[in-house]
Structures are given as C-alpha cells and as structure tokens.
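The chain contents come next:
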Amino acid sequence: MARTGPQKIPGASQSYFFGTGRYSGSAMEVNCGVVHTTEGMSLTSYSSGAVAPNVTGVPDIKNRKIRWYQHFDVDESARALMNKSGGVETNTANVFQIELVGTCDDSKKTSWSGKRAGVDYLHWPSAPDWALAEVAWLVRWLNANHGIPLTCVSNWLAYGKDSRRPGVTPASYGANPARMSMSAWRSFKGWCGHQHVPENDHGDPGSLNFARVIAIAKGGQTPATKEDDMQPVDVWAYKGTKEKADAYAYLRGTNGAVRELAKKIDAQTAVISKLAQLVGSDVDTAQVVAAVQQAIADAVVKVDVDITSNPNQES
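Residues numbered from 1 in each chain as written. Predicted model: local features only at pLDDT ≥ 70, side-chain atom pairs only at ≥ 80, totals over all residues. Heavy atoms only, no water.

1. Some remarks on the state of the cysteines
Throughout this description, disulfide means a covalent bond between two cysteine sulfur atoms. The final tally for this structure, using the stated rule, is 0 disulfides. Cys 152 carries a free sulfur, and the closest cysteine sulfur to it, the one in Cys 192, is 9.6 Å from it. (Disulfide = S-S within 2.5 Å.)

So, in structure tokens, the structure goes:
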C-alpha cells in the first residue's frame with residue numbers, strides 16, 4: 001500500500017528512528033491513533049525498536065512543551081501493541097501510535113520514587129493544559145496531513161479505582177468494559193488508548209482527558225492563562241510546507257524566552273520605581289520609570305529572527 005502525505009513530523013528528532021533498520025514496518029495509510037504512556041520518566045530505547053511506537057513525546061516541563069522523537073514513518077506500522085496469532089491485526093491496522101513519557105497510574109498522581117508530579121514528571125490523567133495542547137498540535141497535524149479524524153472514544157477508564165468497574169483495580173487493565181471487540185477495532189477510526197485495543201491487556205493511558213485534546217485540536221478555547229502559564233502562540237495555520245512548519249517550531253521554542261525577558265523587565269522597572277520614591281519628593285518617579293523603560297526598549301528593539309531553520313531540531 002502506497003504511503004501518502006508527509007512522513008516526517010515537523011520538528012521531531014530522528015535520532016531514534018528505527019524505520020530503516022531491523023524492525024522497519026509495513027506500509028499502510030493511517031486512519032486511527034492509539035495513545036500509550038511509557039510508565040517511565042525518560043525516553044527509552046524500546047529494545048532498539050522492537051517495541052517502539054511511531055513517536056514518543058517527552059515533556060519539557062520547565063519550558064512547557066513536548067519534545068517529539070519519531071521512530072517510524074507516519075504510514076509505517078509500529079510495534080507497541082500486542083498482536084496474537086489467529087486474531088485481529090493490531091500494529092498493522094492503519095494505526096499511528098504515540099507514547100507519552102510519564103505515568104497514568106493514579107497511585108503516582110502526586111509523587112513517584114521521591115519525585116514530584118508536575119515538576120519531575122507528568123501524571124497524564126491530570127496533565128496541565130499546556131501538555132494537552134502540545135499533544136493536540138500533533139493530533140491536528142495528523143488530521144490535516146493524513147486524515148485521522150478529530151474524534152475519540154468516550155470511555156477512558158482510570159488506572160486505579162473507577163466507579164465504572166467497581167471492585168477491580170486498576171480498572172482499565174485486562175478485560176475492561178472499554179476494550180473493543182475485534183469487529184469494532186477493524187472499523188475504528190479516530191483516537192483511542194492502549195486500554196481500548198483488543199488482544200491487549202494494558203490499561204494505559206488511564207483516564208487521560210483526550211476529549212480535551214480533541215477540543216483543543218479543533219480550535220476550542222483554552223482557559224484564561226496566568227502570566228506564569230501562558231500558552232504558545234497560536235499559529236495553527238502554519239502547516240503544509242517546511243518553511244511554515246519551521247516557523248511554528250521556532251515560535252514554540254522562543255515563546256518561553258520572550259516571556260522570561262518580559263518578567264525581568266517588569267521586575268527591573270518595579271525596583272527602579274521604588275528607588276525613585278526613596279530618593280525624595282522632588283524626583284518625578286513616572287519620568288524616571290519611563291526613561292528606563294525606553295532605554296530597555298531601545299536596547300532590544302532590533303531582533304534578527306531567522307525562521308528558515310528549526311532550533312528545536314535534533315540530529
């Protein structure tokens with residue numbers, strides 16, 4: 001089956017690409033996606049590709065973004081699902097697979113081996129909106145370039161206690177009520193989790209709020225942001241060409257730096273204002289502050305931005 005559309009994800013590192021080696025997959029045309037969680041805190045080698053998905057997302061919590069590592073082409077079968085003989089096809093059933101570094105285990109919602117959720121790792125069922133927005137970027141790109149529908153299953157059971165499966169913990173593991181039948185899987189299009197795929201028993205990604213991911217991908221409104229939790233610049237229109245994709249990646253990467261500069265300027269202005277007040281009543285505080293702000297503006301007004309290369313691209 002011929003592959004159509006771009007096969008490399010804009011800005012994704014190809015340093016762990018397995019599609020040209022021992023574990024290269026079969027050609028297909030993706031029409032659905034499966035989401036996993038790695039249950040770890042860092043990028044894994046996936047046994048040199050033997051159990052790898054198409055792409056892994058590594059949260060950069062400090063900078064509020066996800067770094068993507070691509071392992072197989074978009075229209076190439078990955079290897080992160082169990083596929084039993086004599087049943088239904090899983091990895092090769094036109095499915096694009098995402099692994100998200102972190103956990104879905106509700107017992108690790110706040111801490112894990114001395115590490116703190118939201119600081120050292122992400123508990124994906126309670127992931128912040130910036131992280132869901134980063135996943136939504138990839139979901140939207142796959143929809144625009146490969147037609148994976150912006151829809152998802154509605155039943156995401158918790159990897160822990162869940163009232164929809166009383167008496168069973170973790171509720172999403174094993175033969176849970178959310179897992180599809182073989183016939184449902186064969187006709188499925190859209191997004192689901194590992195917990196929904198037949199012939200599999202894993203329960204990840206738990207109760208991940210993927211409906212929120214879909215809403216953001218469709219252009220839904222995000223909550224009002226605080227200064228400390230601003231979202232990346234909305235440049236969804238940048239898709240299709242390499243130049244536009246690079247521009248988007250650049251803006252994502254530089255948004256945090258610009259925000260930090262603004263914070264420093266605000267802090268410096270506040271200090272100077274206080275000093276002016278302490279000098280005496282004969283000092284025009286507003287005039288002093290205005291002069292300082294103008295000096296800062298003059299110092300940073302000329303910025304040479306080159307968007308033809310992607311500073312986030314890793315080799």
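Next comes the rest of the account.
2. A closer look at helix H4 (residues 210–217)
Among the 8 residues that make up H4, 6 are buried, leaving the element largely enclosed by the rest of the structure. At its buried positions, H4 is contacted by strand E1 (32–37), helix H2 (129–146) and strand E7 (190–193). (Buried < 20%, exposed > 50% of the residue type's maximum accessible area, 1.4 Å probe, protein only. Helix = DSSP H or I, 4+ residues; strand = E, 2+ residues; numbered from the N terminus. Contact = heavy atoms within 4.5 Å.)

3. Quick look at the environment of Gly 203
Counting through the fold element by element, Gly 203 comes out in the loop between E7 and H4. For Gly 203, a relative accessible area of 2% translates into the label buried. Counting along the chain gives 31 residues from Gly 203 to Ser 172, while the straight-line C-alpha distance between them is 4.5 Å. What Gly 203 contacts, discounting residues up to four positions off in sequence, is Cys 104, Tyr 159, Ser 172, Tyr 173 and Gln 195.

4. Some points on the pattern of salt bridges
Counted under the stated rule, the structure contains 5 salt bridges. For the salt bridge of Asp 60 with Arg 67, the shortest nitrogen-to-oxygen distance reads 3.1 Å. By sharing partners, the salt bridges in this structure join Arg 3, Lys 8 and Asp 73 into a single network. (Salt bridge = Lys/Arg side-chain N within 4 Å of Asp/Glu carboxyl O.)

5. Some remarks on the confidence of the model for the protein chain
Averaged over the protein chain, the pLDDT score is 83; the fraction of residues at 70 or greater is 69%. The model gives residues 221–242 a pLDDT under 50, and that stretch makes 41 contacts with residues more than four places away or in other chains. Contacts of residues 300–315 to residues separated by more than four positions or lying in other chains number 27 contacts, the stretch itself having pLDDT below 50. (pLDDT = per-residue confidence, 0-100.)

6. Some points on the packing of aromatic side chains
This model, assessed by the stated rule, comprises 6 aromatic pairs. Where Phe 18 meets Phe 72, the ring centres are 6.4 Å apart and the plane angle is 55 degrees; that geometry is what we call tilted. One end of the pair, Phe 18, is in the segment before E1; the other, Phe 72, is in the loop between strand E3 (65–70) and strand E4 (95–100), with 54 residues separating them in the sequence. Between Trp 112 and Tyr 121, the aromatic rings sit 5.2 Å apart at their centres with planes inclined by 85 degrees, giving edge-to-face as the arrangement. Here Trp 112 and Tyr 121 have matching classes, each one buried. Ring pairs connect the aromatic residues Trp 156, Trp 191 and Phe 210, which therefore count as one cluster. (Phe/Tyr/Trp six-rings, centres within 6.5 Å; stacked < 30°, edge-to-face > 60°.)

7. A word on the nonpolar core
Counting 48 residues, the largest nonpolar core has Trp 68, Phe 96, Trp 124, Leu 138, Trp 191 and Phe 210 as the members making the most contacts within it. Mapped by element, the contributors of at least two residues to this core are E1, E3, E4, H2, E7 and H4. In terms of residues, this core owes the most to one element, H2, which gives 11 residues. Apart from the residues within four sequence positions on either side, Trp 124 is in contact with Thr 37, Pro 59, Ile 66, Leu 100, Val 101, Gly 102, Thr 103, Ala 131, Leu 132, Val 135 and Leu 208. Phe 18, Tyr 46, Phe 72 and Ala 78 belong to the second largest nonpolar core, which has 5 residues in total. (Core = buried A, V, L, I, M, F, W, Y, C linked by side-chain atoms within 4.5 Å.)

8. Section: the pairing of strand E2 (residues 55–60)
Along E2, 6 of the 6 residues are buried, which leaves the element largely enclosed by surrounding structure. Neither face of E2 is left uncovered, since the one carrying Val 55, Gly 57 and Pro 59 and the one carrying Thr 56, Val 58 and Asp 60 both have all their residues buried. Note: E2 against E3, 6 bridges, orientation antiparallel. Note on E3: the bridge partner recorded for Val 58 is Arg 67. What sits between E2 and E3 in their antiparallel hairpin is a turn of 4 residues, with Arg 64 showing a positive phi close to 55 degrees. For E2 and E4, the ladder comprises 3 bridges, and the chain directions are parallel. Pairing of Val 55 across the sheet is with Ile 98, part of E4. (Pairing = 2+ DSSP bridges.)

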